[in-house]
Amino acid sequence: MKHIFLTLVCLLLVMPQIMAIRSITDNCLHVEQLDWVKSKLNSTFYTTFSQLTRKSVDRLDIIYKDGELFSGTAWSSDGATMKIIVDRGVLTRIYVFHDNGSVAMCSIEGNGRVENYYFDDSKKVERNDGEYYGNEMDKYEFRKKYKTLYTRVRIFWKEIKKAEEY
């Protein structure tokens, strides 16, 4: 909630024409048209998948932005379901989130290995990466229980254009 509050305050400083705020009570912003504000925040402050290009090199996806190797964090177009962390073009982490904001899946890549972890939506523990996690579960149980989320991830991944499509 603190991050949302600070982001919205920054948005109001940068884009004063937005008059969606109805009231401020008890440190809680009540916002009309939250989806519209969220989309403006994403396109203004965050890199989205649609701004990136990926090129396969020796079975490794290299990520580019504006023709340069990308380093940083990028989000799916909805700004909430999926984020990736990239270092000099190399994908190092993939996060997928449940609707409540807790981590659904975390994929850690490094040293030629990929480790995938799956979690339920119980939102129990905050870890050192600042994200909340539920109880760990196996891949098959996750796919069965969260079929819709799994499908959305496949769709969002396609937002990153392949180099030949660029």
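To be clear, the structure that these remarks concern was listed above.
An account of the accompanying structure is given in this report. (Residues numbered from 1 in each chain as written. Predicted model: local features only at pLDDT ≥ 70, side-chain atom pairs only at ≥ 80, totals over all residues. Heavy atoms only, no water.)

Notes on the overall build of the chain
- Looking only at helices and strands, the chain has 4 helices and 15 strands in total.
- The buried share among the 166 residues of the chain stands at 33%.
- For the chain, restricting intrachain contacts to residue pairs at least 6 apart in sequence, the fraction spanning at least 24 positions comes to 36%.
- In the structure as shown, the chain presents an accessible area of about 10,900 Å², 51% of it carried by carbon and sulfur atoms. (Helix = DSSP H or I, 4+ residues; strand = E, 2+ residues; numbered from the N terminus. Buried < 20%, exposed > 50% of the residue type's maximum accessible area, 1.4 Å probe, protein only. Contact = heavy atoms within 4.5 Å. Areas by Shrake-Rupley, 256 points an atom, 1.4 Å probe, with all protein chains shown as cover.)

Side note on the nonpolar core
- One finds Phe 49, Leu 52, Met 82, Ile 84, Ile 94, Val 96 and Phe 142 to be the most contacted residues of the largest nonpolar core, which totals 22 residues.
- With 4 residues, the top contributor of residues to this core is helix H4 (residues 147-157).
- If we skip the residues at most four places from it in the chain, Ile 84 touches Phe 49, Leu 52, Gly 72, Thr 73, Ala 74, Leu 91, Arg 93, Ile 94, Trp 157 and Ile 160.
- Counting 7 residues, the second-largest nonpolar core is a separate cluster that includes Val 103, Cys 106, Phe 119 and Tyr 133. (Core = buried A, V, L, I, M, F, W, Y, C linked by side-chain atoms within 4.5 Å.)

A closer look at the pairing of strand S10 (residues 103-110)
- Sheet analysis places strand S9 (residues 90-97) next to S10, joined by 5 bridges and oriented antiparallel. Paired with Val 96 across the bridge in S10 is Met 105.
- Following S9, the chain reverses through 5 residues before pairing antiparallel with S10; Gly 101 in that reversal takes a positive phi of roughly 95 degrees.
- Looking at chain direction, S10 and strand S11 (residues 113-119) are connected through 6 bridges and run antiparallel. Across the sheet, residue Ser 107 finds its bridge partner in S11, namely Asn 116. (Pairing = 2+ DSSP bridges.)

Focus: the pairing of strand S7 (residues 72-75)
- Inspection of the sheet shows strand S3 (residues 47-48) paired to S7 by 2 bridges, in the parallel sense. For Thr 48, the partnering residue across the bridge sits in S7 and is Trp 75.
- Pairing of S7 with strand S8 (residues 82-87), which is carried by 4 bridges, proceeds in the antiparallel orientation. Following the sheet pairing, Thr 73 is matched in S8 by Ile 85.
- Taking the residues between adjacent antiparallel strands as the criterion, S7 and S8 are bridged by 6 residues, where Gly 79 takes a positive phi near 70 degrees.

A few points about the environment of Lys 123
- Here Lys 123 lies in the loop between S11 and strand S12 (125-126).
- The exposure class of Lys 123 is partly exposed, given its relative accessible area of 38%.
- Placed 25 residues apart in sequence, Lys 123 and His 98 show a C-alpha to C-alpha distance of 9.2 Å.
- With near-sequence residues (within four places) excluded, Lys 123 lies in contact with Asn 100, Ser 102, Tyr 132, Tyr 133 and Gly 134.

A word on a positive patch on the surface
- Positive charge collects at one region of the surface, where Lys 139, Arg 143, Arg 154 and Lys 158 lie side by side.
- As for its placement among the helices and strands, Lys 158 is situated in the loop between H4 and strand S15 (161-162).
- Looking at Lys 158, the relative accessible area reads 65%, which means it is exposed. (Patch = residues over 30% accessible without salt bridge, like charges linked within 9 Å, V, L, I, M, F, W, Y side chains within 5 Å. Salt bridge = Lys/Arg side-chain N within 4 Å of Asp/Glu carboxyl O. Lys, Arg positive; Asp, Glu negative; His and termini not counted. Charge placed at Lys NZ, Arg CZ, Asp CG, Glu CD.)

Describing the packing of aromatic side chains
- Counted by the stated rule, this structure contains 7 aromatic pairs.
- For the ring pair Phe 49 and Trp 157, a centre distance of 6.4 Å and an interplane angle of 80 degrees mean the geometry is edge-to-face. One end of the pair, Phe 49, is in the loop between S3 and strand S4 (52-57); the other, Trp 157, is in helix H4, and 108 residues separate them in sequence. For the pair Phe 49 and Trp 157, one class covers both residues: buried.
- A ring pair is formed by Trp 75 and Phe 97, whose centres lie 5.7 Å apart and whose planes are at 20 degrees; its orientation type is stacked. Of this pair, Trp 75 sits in strand S7 while Phe 97 sits in strand S9, and the two are 22 residues apart along the sequence. Taken as a pair, Trp 75 and Phe 97 share a single burial class, namely buried.
- Here a set of aromatic residues connected by ring pairs shows up, and it is made of Tyr 46, Trp 75, Tyr 95 and Phe 97. (Phe/Tyr/Trp six-rings, centres within 6.5 Å; stacked < 30°, edge-to-face > 60°.)

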